[in-house]
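# A closer look at the structure
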Amino acid sequence: MNITDVRVRKVAKEGKMKAVVSITIDDEFVVHDIKVIEGEKGLFIAMPSRKATDGEYRDIAHPINSATRDRIQTIILDKYQEVMAAEPEEALEEAAAE
């Protein structure tokens, strides 16, 4: 399994959720609504979930083992950091164009 694309959408409002991410696996399968969350120990991802009738949230799609989860999380967080690092440059480029 290869993650062939990662798309990061930054969340504009303040709070613990920093971004919503979509990943493409092997150029054939997409998982939307993976959240990048700021926790007490740093950033982590939360897989797409749905609220069950008992009020608990349950993942809709998720990795089967922790090694796969760690690999997906590392790829997503690396891309998130890359997007955040590039953001000030984009703002400066837009300001210069005006």
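The name that an unreviewed UniProt entry assigns to the chain is Putative septation protein SpoVG, with the source organism given as Candidatus Blautia faecigallinarum. Turning to the chain, the UniProt annotation filed under Function (unreviewed entry) states: "Could be involved in septation."

### Here's the deal with the side chain of Thr24
The residue Thr24 is located in strand β2 (residues 17-25) in this model. When residues no more than four places from it in sequence are discounted, the contact partners of Thr24 are Asn2, Ile3, Thr4, Asp5, Phe29 and Val30.

### Quick notes on the nonpolar core
Val21, Ile23, Ile34, Val36, Ile45 and Ile76 are the most contacted members of the largest nonpolar core, which totals 16 residues. Elements with a minimum of two residues in this core: β1 (3-10), β2, β3 (29-39) and α1 (66-97). Excluding its chain neighbours within four sequence positions, the residues that come into contact with Val36 are Lys16, Met17, Lys18, Ala19, Val21, Leu43, Phe44, Ile76, Leu77 and Tyr80.

### With respect to the pairing of β2
The buried fraction of β2 is high, at seven of nine residues. Where β1 and β2 come together, seven bridges link them in antiparallel fashion. Bridge assignment links Val8 to a residue of β2, and that residue is Val21. Linking β1 back to β2 in an antiparallel pair, the connection comprises six residues, with Gly15 at a positive phi of about 150 degrees. Looking at chain direction, β2 and β3 are connected through seven bridges and run antiparallel. Looking at the pairing, Ile25 lines up with Phe29 of β3. Counting the residues between successive antiparallel strands, the hairpin from β2 to β3 contains three residues, one of them, Asp26, with a positive phi of roughly 55 degrees.

### What to know about the pattern of salt bridges
Where charged atoms of side chains with opposite charge meet at close range, the side chains can pair. Taken as a whole and judged by the stated rule, the model has four salt bridges. Asp54 serves as the salt-bridge partner of Arg58, at 3.0 Å between the closest nitrogen and oxygen. Accessibility expressed as a relative area gives 42% for Arg58, which makes it partly exposed.

Rules of the game
Residues numbered from 1 in each chain as written. Predicted model: local features only at pLDDT ≥ 70, side-chain atom pairs only at ≥ 80, totals over all residues. Heavy atoms only, no water. UniProt positions renumbered as here; feature names shortened; annotations may be inferred. Helix = DSSP H or I, 4+ residues; strand = E, 2+ residues; numbered from the N terminus. Contact = heavy atoms within 4.5 Å. Core = buried A, V, L, I, M, F, W, Y, C linked by side-chain atoms within 4.5 Å. Buried < 20%, exposed > 50% of the residue type's maximum accessible area, 1.4 Å probe, protein only. Pairing = 2+ DSSP bridges. Salt bridge = Lys/Arg side-chain N within 4 Å of Asp/Glu carboxyl O.

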